[in-house]
Amino acid sequence: MVTRGFFSGRRPPSDTDARIPPGQYLEQGFPVLSAGPTPRVRTEDWSFTLKQGPKPIKKWNWAEFNALPQSKMTRDIHCVTAWTKFNTPWQGVMIDDILADAGIEPPTAYTLALSFDGYSTNVPTKDLVTGKAMVALLYEGKPITPDHGGPARLLVPHLYFWKSAKWVNGLQFTERDEPGFWELRGYHMYGDPWREQRYSSDL
Amino acid sequence: MSAEPSPQSPWQAATITRIEKRTPRVTSFWFQPSRPFAHLAGQHVDIRLTAPDGYQARRSYSIASAPEAGGGVELAIERLDDGEVSPFFHDVAAVGDEIELRGPLGGHFIWEEGDGGPILLVGGGSGVVPLMAMVRHRTLRNKAVPVALVFSVRIWDEVIFRDELIGLDDRRDGFDLVLTLTREPARRPSDYSRRVDARMMAQAVERLPKAPKLTYLCGSNAFVSAAADALIGVGVPSEIIRTERYGV
Ligand SMILES: Cc1cc2nc3c(=O)[nH]c(=O)nc-3n(C[C@H](O)[C@H](O)[C@H](O)COP(=O)(O)OP(=O)(O)OC[C@H]3O[C@@H](n4cnc5c(N)ncnc54)[C@H](O)[C@@H]3O)c2cc1C
């Protein structure tokens, strides 16, 4: 449906068009969205736990986690509130390297990312491995600010950005695809920006 | 001509039935969706504008009307002069126009009468919109729930829903309005003339007959962060604080 009188728009330059998923617009800033107050997690109190169901597999403290091999990823990110930001530079530990350090292969097909503030989001395990995702520790070369999920956040850049859980403190492998906090509240189970999977009613 | 939306499409055409200027920068628009829906206080809709060449812009807007209010869905949109979507509403949209909308959306920043109270609402600028839906819902359904609303704007003339809010405050039935003007002197005894801070939050909590059961903060990210820090600083548990951030 064409909207009467809506002409100008703010079209992205044609060379960037192909990088902007449907319904998204290009944002220069870095907006902040979250469900509650920003938790202040001190690195002394920080830890990261891999679990299978309720059972812990391995736990790292901040120093141990920072000693794991670190990689860089510069990616476009897409927020469900319709902004897209190009070339965001992150550094952290690839999920592959976390699993290698724990000495395991992914035990189940589904994963819940868990956060310090009690939130969670589900991601299929295959979307976390083979170089697709990391636990990010740095943004633009500096520690991630608390507003943006620091000390550490998940980064799954090919899915809508709520899947990149802020203040992440663990991954839990699950037998079934279990909805997380946002998915229980109407957001899509998978969240592919290129298929506009924003809300649970989207196919 | 535009194609009929498929039956499964979450998008639908909604007709603008009424437009009312609220403040110099904020105007309310009432929409009659072609497929009416029930919403909860605090939810939002997404709006999608389509140019003739197919280019689309979409944004989220909170619903200001109470779930039980008839007369369509009210959105209150603040004009950002260099914005893309909000100036379209202020300069172009007219009664009778059809706009594409989907919703209701959002399952967290909501308050239903059954959730109980007391509740503390803290809004900055257009962040008051979803809080207004909660205040109206309370008025229409469950006056027993004590509610305090702290509403921060720059100047008196930017107090969105001012007459309605002051009218509700004057009833003294458990709804308490606190305005804080950041760039003008306060006008009413209960009001402030500064930015939201810990002392103001402590006093807002004291206005309620007992500690709040839930707290809702909405506005720009900077506003929400400052209000959340102030509340946590005076001992409000972070688990009862829900936030909606309008982004930058
Ligand atoms: C859940 C939710 C509920 C909301 N509810 C409301 C509500 O009830 N009322 C309300 O008024 N708003 C609400 N908002 C905000 C709303 O969605 C829009 O963000 C707002 O209206 C601005 O949109 P815009 O298109 O006018 O401005 P945008 O075009 O998005 O620009 C916003 C600002 O960013 C700058 N900007 C960004 N990109 C560019 C660029 N490429 N070129 C130039 N400038 C740029 C502009 O300076 C402008 O001031 C809500 C947001 C959310 C997430």
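Details of the structure are given in the entry above.
Residues numbered from 1 in each chain as written. Chains lettered and ligands numbered in written order. Predicted model: local features only at pLDDT ≥ 70, side-chain atom pairs only at ≥ 80, totals over all residues. Heavy atoms only, no water.

Take the nonpolar core next. If you look at the biggest cluster of nonpolar residues, it comprises 34 residues, and the most contacted ones within it are Leu121(B), Leu149(B), Phe151(B) and Tyr216(B). Counting only elements with at least two residues in this core, the list comes to β7 (119–124), α2 (128–141), β8 (147–153), α3 (162–170), β9 (175–181) and β10 (214–219) of chain B. Broken down by element, the residue count for this core peaks at seven residues, all from α2(B). Counting only domains with at least three residues in this core, you end up with domain 1 (11–105) and domain 2 (113–245) of chain B. Residues in contact with Phe151(B), not counting those within four places in the same chain, are Gly123(B), Gly125(B), Val128(B), Val159(B), Ile160(B), Leu165(B), Val178(B), Leu179(B) and Thr180(B). If you look at the next biggest cluster of nonpolar residues, it comprises 27 residues, including Ala133(A), Leu137(A), Leu154(A) and Phe173(A). (Core = buried A, V, L, I, M, F, W, Y, C linked by side-chain atoms within 4.5 Å. Buried < 20%, exposed > 50% of the residue type's maximum accessible area, 1.4 Å probe, protein only. Helix = DSSP H or I, 4+ residues; strand = E, 2+ residues; numbered from the N terminus. Domains from an automatic or database assignment. Contact = heavy atoms within 4.5 Å.)

Here the bond from Gly150(A) into Pro151(A) is cis, since omega is 10 degrees, no more than 30 degrees from zero. With an omega of 0 degrees, the peptide bond running from Gly117(B) to Pro118(B) counts as cis. Structurally, the position occupied by Pro118(B) is in the loop between β6 (98–105) and β7. For Asn87(A), which is not a glycine, the phi torsion comes out positive at approximately 55 degrees. Inspection of the secondary structure assignment puts Asn87(A) in strand β5 (residues 83–94). Given a relative accessible area of 46%, Asn87(A) falls into the partly exposed group. With a phi angle near 50 degrees, Thr130(A) is a residue other than glycine that sits in the positive phi range. Residue position: Thr130(A) is located in the loop between β7 (120–124) and β8 (134–139). For Thr130(A), a relative accessible area of 60% gives the class exposed.

Before going further, it helps to spend a moment on the site of the ligand. Residues and elements named next belong to chain B. Around the ligand, 21 residues are found, and the nearest of them are Ser60, Tyr61, Asp82, Val85 and Ser86. Backbone polar atom of Glu78 to an oxygen atom of the ligand: 2.8 Å apart, as the coordinates give it. One of the backbone N or O atoms of Val85 is found 2.7 Å from an oxygen atom in the ligand. Here the ligand, which alone exposes 960 Å², has 79% of that area covered by the protein. Counting only elements with at least two residues in the shell around the ligand, the list comes to β4 (56–62), β5 (73–78), α1 (86–91) and β11 (241–245). When residues of the shell around the ligand are assigned to their parent elements, the largest contribution, four residues, is made by β4. Among the residues forming the shell around the ligand, the class breakdown is eight nonpolar, six polar and seven charged. For the shell around the ligand, the two domains that each supply at least three residues are domain 1 (11–105) and domain 2 (113–245). (Near = heavy atom within 4 Å. Polar contact = N/O pair within 3.5 Å; in protein donor to acceptor, adjacent residues only side chain to side chain. Areas by Shrake-Rupley, 256 points an atom, 1.4 Å probe, with all protein chains shown as cover. Nonpolar A, V, L, I, M, F, W, Y, C, P; charged D, E, K, R; others polar.)

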